[in-house]
Amino acid sequence: DAGVIQSPRHEVTEMGQEVTLRCKPISGHNSLFWYRQTMMRGLELLIYFNNNVPIDDSGMPEDRFSAKMPNASFSTLKIQPSEPRDSAVYFCASTLGPTDTQYFGPGTRLTVL
Amino acid sequence: KQEVTQIPAALSVPEGENLVLNCSFTDSAIYNLQWFRQDPGKGLTSLLLIQSSQREQTSGRLNASLDKSSGRSTLYIAASQPGDSATYLCAPEGGKLIFGQGTELSVKP
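Residues numbered from 1 in each chain as written. Chains lettered and ligands numbered in written order. Predicted model: local features only at pLDDT ≥ 70, side-chain atom pairs only at ≥ 80, totals over all residues. Heavy atoms only, no water.

How would you sum up the interface of chain B and chain A? Please name residues and give values.
On the chain A side, the residues contacting the 17 residues of chain B number 21 residues. Surface buried jointly by chain B and chain A totals about 1,300 Å² across both partners, of which 51% is contributed by carbon and sulfur atoms. On the chain B side of the interface with chain A, the three residues burying the most area are Leu-44, Lys-96 and Phe-99 of chain B, jointly 32% of the side's total. One salt bridge in this structure joins Lys-96 of chain B and Asp-56 of chain A, with 3.4 Å as the shortest N-O distance. Between chain B and chain A we count six residue pairs in polar contact (both at pLDDT 80 or more) in total. Residue contributions to the side of chain B that touches chain A peak at four residues, all from strand S4 (residues 32–38) of chain B. For the side of chain B that touches chain A, the per-class residue count stands at six nonpolar, eight polar and three charged. (Contact = heavy atoms within 4.5 Å. Buried area = accessible area lost by both parts, 1.4 Å probe. Salt bridge = Lys/Arg side-chain N within 4 Å of Asp/Glu carboxyl O. Polar contact = N/O pair within 3.5 Å; in protein donor to acceptor, adjacent residues only side chain to side chain. Helix = DSSP H or I, 4+ residues; strand = E, 2+ residues; numbered from the N terminus. Nonpolar A, V, L, I, M, F, W, Y, C, P; charged D, E, K, R; others polar.)

Written out as structure tokens, the structure is:
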């Protein structure tokens with residue numbers, strides 16, 4: 001298996017623009033997680049899905065952030081409108097079940113100017 | 001609210017040394033605790049997962065222990081190598097993973 005796939009790997013955009021990050025989990029995994037990593041706050045869980053259903057979105061910072069999982073092999077994290085404070089590395093991870101070992105993707109480094 | 005502390009924040013050792021990384025957490029109601037390694041500019045790689053009912057878990061030169069009642073876990077690395085240089089993060093799982101800030105390890109040849 002290719003592991004968790006994220007795209008794009010790098011994104012540079014201007015404040016106010018819409019940003020869409022994409023994730024393909026490992027085939028057969030039932031849970032998917034979106035994290036954000038910054039120097040100041042470390043690694044934080046934004047939202048996680050179990051069987052394509054959002055279970056906990058308490059980490060989503062505000063209404064500008066939204067996430068979807070239309071099927072078992074694809075998820076998106078959207079920021080609209082983007083702000084400079086959204087600059088971070090965004091990771092996607094997947095697991096067989098919600099408390100199993102998590103497998104992380106390589107991340108998307110987002111820079112909002 | 002779970003809070004996770006990792007000590008030390010950074011560590012530099014010569015090759016061949018045995019070393020211990022420490023992790024403490026405030027809420028002992030956890031399902032498991034996971035240790036990860038992160039190389040610069042990369043994602044996280046899972047090293048070990050200790051179930052809440054277990055005391056320790058071993059993989060090669062790595063050994064992780066868990067004392068749930070006292071809210072502590074340690075990661076022991078035997079005979080360290082330059083390739084072990086990375087940031088090590090612990091994350092107790094109590095419904096979701098809560099990460100510490102990590103220990104940045106540098107192993108000098």
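Describe the state of the cysteines, with residues and values.
Residue and element names in this part refer to chain A. For the coordinates displayed, the defined rule picks out two disulfides over all chains. One disulfide in the model links Cys-23 with Cys-92; its S-S distance is 1.9 Å. Judged by the sign of its S-S torsion, about -65 degrees, the cystine formed by Cys-23 and Cys-92 is left-handed. Taken as a pair, Cys-23 in strand S3 (residues 19–24) and Cys-92 in strand S9 (residues 88–95) lie far apart in primary sequence, 69 residues in all. Exposure remark for Cys-23: the relative accessible area of 1% places this residue in the buried category. (Disulfide = S-S within 2.5 Å. Buried < 20%, exposed > 50% of the residue type's maximum accessible area, 1.4 Å probe, protein only.)

So what's going on with unusual backbone geometry? Which residues, and what values?
All names here are of chain A. Cis geometry marks the peptide bond from Ser-7 to Pro-8, where omega comes out at -10 degrees. Turning to its location among the elements, Pro-8 is positioned in the loop between strand S1 (5–7) and strand S2 (10–13). Cis peptide bonds are those with omega within 30 degrees of zero, and the linkage from Gln-80 to Pro-81 qualifies with -5 degrees. Summarising the element assignment, Pro-81 is placed in the loop between strand S8 (74–79) and S9.

Help me get a handle on the packing of aromatic side chains, residues and values and all.
In total, this model carries eight aromatic pairs over all chains according to the counting rule given. A ring pair is formed by Phe-36 of chain B and Phe-99 of chain B, whose centres lie 5.5 Å apart and whose planes are at 45 degrees; its orientation type is tilted. Linking Phe-36 of chain B in strand S4 with Phe-99 of chain B in the loop between strand S9 (86–93) and strand S10 (103–108), this pair joins segments that are 63 residues apart in sequence. Residues Phe-36 of chain B and Phe-99 of chain B agree in their burial class; the two are buried. Joined through ring pairs, the aromatic side chains of Phe-33, Tyr-35, Tyr-48, Phe-91 and Phe-104 of chain A together with Phe-36 and Phe-99 of chain B make up one cluster. (Phe/Tyr/Trp six-rings, centres within 6.5 Å; stacked < 30°, edge-to-face > 60°.)

No statement about biological role is implied by the geometric values presented.
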